[in-house]
Structure formats: structure tokens, C-alpha cells
Amino acid sequence: MRSILLHLVPASLYAAVGVLFWRSCVMGSGAQDRQRECMSARERLLLLAAILTHGAILHTAIFPGTDMRFGFGVALSLMVWLAVCFYWVETLYTRLEGLHAVIMPAGALASVIPLFFPGEHVLANAASPAFRVHFVIAMLAYSLFTLAALHAMLMSVASRQLHNARFSRVLAGLPPLLTMEALLFRLISIAFVLLTLTLVTGVLFAETLFGQALRVDHKTVFAFISWLLFGGLLVGRRLRGWRGRVALRWTLAGFVALMLAYVGSRFVIEVVLERVG
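Because the structure is a prediction, the values reported are computed rather than measured.

## Digging into the overall build of the protein chain
The secondary structure content of the protein chain amounts to 10 helices and zero strands. Sequence separation of at least 24 residues holds for 79% of the intrachain contacts in the protein chain that already meet a minimum separation of 6. If you sum the accessible surface of the protein chain, you get close to 14300 Å²; carbon and sulfur atoms cover 67% of it.

## Examining the pattern of salt bridges
Under the definition given, this model contains three salt bridges. In this structure, Glu 90 engages Arg 186 in a salt bridge whose closest nitrogen and oxygen atoms are separated by 2.7 Å. With Glu 90 in helix H4 (residues 72-90) and Arg 186 in helix H7 (residues 177-210), this pair connects stretches of sequence that are 96 residues apart. The exposure class assigned to Arg 186 is partly exposed, which follows from its relative accessible area of 42%. When the shortest N-O distance is used, the salt bridge between Arg 243 and Glu 181 registers 3.5 Å.

## Some words on the confidence of the model for the protein chain
Confidence along the protein chain averages 77 in pLDDT terms, with 74% of residues attaining 70 or more. Here residues 29-37 is a poorly scored stretch, pLDDT under 50, and it has nine contacts once near neighbours within four places are set aside; other chains count. Of the regions scoring below 50 in pLDDT, residues 267-277 engages in 12 contacts with residues more than four places distant in sequence or in other chains.

## Concerning helix H9 (residues 244-261)
Counted at 1.5 Å a residue, the expected span for H9 with its 18 residues is 26 Å, and the 26 Å between its end C-alpha atoms agrees. Of all the residues in H9, the buried ones are Ala 247, Leu 248, Thr 251, Gly 254, Phe 255, Ala 257, Leu 258, Met 259 and Ala 261.

## Digging into helix H8 (residues 218-240)
Between its terminal C-alpha atoms H8 stretches 32 Å, which fits the 33 Å expected from 23 residues at 1.5 Å a residue. Inspection of H8 places Thr 220, Ala 223, Ser 226, Phe 230, Gly 231, Leu 233, Leu 234 and Gly 236 among the buried residues, and these make up the whole buried set.

## Comments concerning the packing of helix H3 (residues 41-62) against helix H5 (residues 100-116)
The contact between H3 and H5 brings their axes to 11 Å, and the two run at 30°. On the basis of the axis angle, H3 is roughly parallel to H5. The hand of the H3/H5 crossing is left-handed. In this structure, H3 uses Glu 43, Leu 47 and His 54 to contact H5, whose residues at the interface are His 100, Met 104, Gly 107, Ala 110 and Ser 111. Of the residues that constitute the contact of H3 with H5, the class distribution is three nonpolar, four polar and one charged.

## A short note on a nonpolar patch on the surface
A grouping of Ile 4, Leu 5 and Leu 8 is seen on the molecular surface, where their side chains present a nonpolar patch of about 250 Å² in accessible area. Note that Leu 5 resides in helix H1 (residues 2-26).

## Side note on the nonpolar core
Core analysis: the biggest nonpolar cluster contains 66 residues, and Tyr 14, Leu 47 and Leu 78 have the highest contact counts within it. Where this core is concerned, the elements lending two or more residues are H1, H3, H4, H5, helix H6 (129-163), H7, H8 and H9. A total of 15 residues in this core trace back to one element, the largest contributor, which is H6.

## Looking at the packing of aromatic side chains
Taken as a whole and assessed by the stated rule, the structure comprises three aromatic pairs. Where Phe 145 meets Phe 230, the ring centres are 4.0 Å apart and the plane angle is 20°; that geometry is what we call stacked. Linking Phe 145 in helix H6 with Phe 230 in helix H8, this pair joins segments that are 85 residues apart in sequence. Ring centres of Phe 192 and Trp 227 lie 5.5 Å apart, and the angle between their planes is 20°; on these two criteria the pair is classed as stacked. Of this pair, Phe 192 sits in helix H7 while Trp 227 is found in helix H8, placing the two residues 35 residues apart along the sequence. Classification of Phe 192 as buried rests on a relative accessible area of 16%. The positively charged end of Arg 237 is found above the aromatic ring belonging to Phe 185, 4.2 Å away from the centroid.

## Concerning the side chain of Thr 251
Looking at the secondary structure, you find Thr 251 in helix H9. What makes Thr 251 buried here is its relative accessible area of 1%. Thr 251 has contacts with Ala 148, Ala 149, Ala 152, Leu 184, Ile 188, Phe 230 and Leu 233, leaving out every residue within four places of it along the chain.

## A look at the packing of H4 against H5
Across the interface, H4 lies against H5 with an axial gap of 8 Å and an inter-helix angle of 145°. The way H4 lies across H5 gives a crossing that is left-handed. For the pair H4 and H5, contact is made by Phe 72, Gly 73, Val 74, Leu 76, Ser 77, Val 80, Val 84 and Tyr 87 and by His 100, Ile 103, Met 104, Ala 106, Gly 107, Ala 110, Ser 111, Ile 113 and Pro 114, respectively. Its residues assigned to classes, the contact of H4 with H5 shows 12 nonpolar, five polar and no charged.

Calculation notes
- Residues numbered from 1 in each chain as written.
- Predicted model: local features only at pLDDT ≥ 70, side-chain atom pairs only at ≥ 80, totals over all residues.
- Heavy atoms only, no water.
- Helix = DSSP H or I, 4+ residues; strand = E, 2+ residues; numbered from the N terminus.
- Contact = heavy atoms within 4.5 Å.
- Areas by Shrake-Rupley, 256 points an atom, 1.4 Å probe, with all protein chains shown as cover.
- Salt bridge = Lys/Arg side-chain N within 4 Å of Asp/Glu carboxyl O.
- Buried < 20%, exposed > 50% of the residue type's maximum accessible area, 1.4 Å probe, protein only.
- pLDDT = per-residue confidence, 0-100.
- Expected span 1.5 Å × (residues − 1).
- Axes fitted to C-alpha atoms, helices over the stretch in contact; angles between N-to-C directions.
- Parallel < 35°, antiparallel > 145°, perpendicular 65-115°, else oblique.
- Left-handed = near helix turned anticlockwise from the far one by under 90°.
- Nonpolar A, V, L, I, M, F, W, Y, C, P; charged D, E, K, R; others polar.
- Patch = residues over 30% accessible without salt bridge, like charges linked within 9 Å, V, L, I, M, F, W, Y side chains within 5 Å.
- Core = buried A, V, L, I, M, F, W, Y, C linked by side-chain atoms within 4.5 Å.
- Phe/Tyr/Trp six-rings, centres within 6.5 Å; stacked < 30°, edge-to-face > 60°.
- Lys NZ or Arg CZ within 6 Å of the ring centre and 35° of its normal.

Rendered as C-alpha cells:
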């Protein structure tokens, strides 16, 4: 019961931020009021409190004792948590209140999902400095791509509404699409560098542990597919000026491949196979 209550604390805080956003930005009386009240200091502090409590719970779940445990639920929760952290920092410089409609529910769900999929997988070699470097870089890359995927979906909805001349109040606080597109490619560029470092450190880590430079398994294959998709997107952007729907499709395709690289495999192992067995 105590564990359940602990997980409900950040979920409730994320929900409270979402409610404040709905009241100030969606149900506000006018555009000027929404412009003034969206992402207020109170809302920003409340979101920070949600981030801190969510992070503390994740630390307890990953390091329950001397071991390091990691599973599908914790992996997904950690990636969303890091994405929310990046989002919070990014809102200090750019108006992204429209992402609230996606970020807050995702944060609330990610806070409680380890309760249903705790995962008992003990990570071998967790004490190795090389492994920890690889792990941290990988999680940062995954979280940035998660935020980029959410950002791409929001852009897709905003573009469709703008095309149909039916822009909703929820998205009224968004910056212009060109600004959002520039932010999307900034996220993808940083995440691509981190993903490249993830693959490089993964190769070095495998060689140190197993005497084998590259282990060809589903995780490696999907990770390299994701790297090729995001790399192709950045090259296409640079050489051919890719944007709009083409960029959004490549972003979501790369994200799906990346999720299959680890989260999908852990889900199959921990959820599907255990229930079948």
C-alpha cells in the first residue's frame, strides 16, 4: 500500500498541472488571459515537484539495494521522466504549453506503470563504469527521441487543424510551426549524437565483457535501423530541405524502431512470455 501511495504522488501532481493548464489555457475567458496565465510560476513549481518525486521513486525502483534492477515498466517510466525534464527546461526558453496536453497524461501514466510492470531483471555488470556510461547515454538518447516523437505528433495535429482552419484553444499557445519544426530538429540532432555514442559505447562495452565487438540480436538490429532512419532524416533535411509530413513520418518511424530496440523486447519477455508460461 505504501508503494502504491508513493507512485500516486507524482501522478497526482502531473494531473494537477494538467488541470491548471486546462483552467487557464483552455477554459480562459480570452486569448490575452490565456497568454498571461499559461505556464505560470505556480504551475512550473508544481511540475518541478512532480519531476522530483517521480525521479525519487524511479531511483528507489532501480536501486532497491545493492543490485540494479530494470524492466519494461521502469524503462518506459524513466524515458518519459527524462523527457519531462527536458520539456521543463525547454519551456524556460520557448512557449510549448500546447505540449501539456500530451506531457502531463504521459507523466501521470509513467509514474504508475512500474506498479503493473515492476520487472525483476537484475542488470549484470551494473557496477562497471563503462556500463553506467553506456546506460546513462542511452537513456538520455531515448528520452530525447521520446520528446521529439511527442513534439512531432503535436505538430501533426496542429498542422492539420491549421489546414482545416479549426485551431483549438489547447493549441492556441503554441509558437509558429516553423519555430516548432526548428525545435524538433534541434531535439533530433542532439538525440542522434547521443544515440551514436550509445552504439559506440555499446560496441566497446560488449567487447570488454564478451570479447566480441558486436552482438547481432534484435536490440542491435533495431537500434541501428533507428540510427539509419534518424541519420537519413538529418541528411535529407540538410541536402533536400525535408520538412512537414515527410519529416514527421521519418521521426515517428525512427522512434518506433528505437522503442522496439529495448522497451519492446523487455515487454515481450516480462509480460507476454511470463503470462504464456
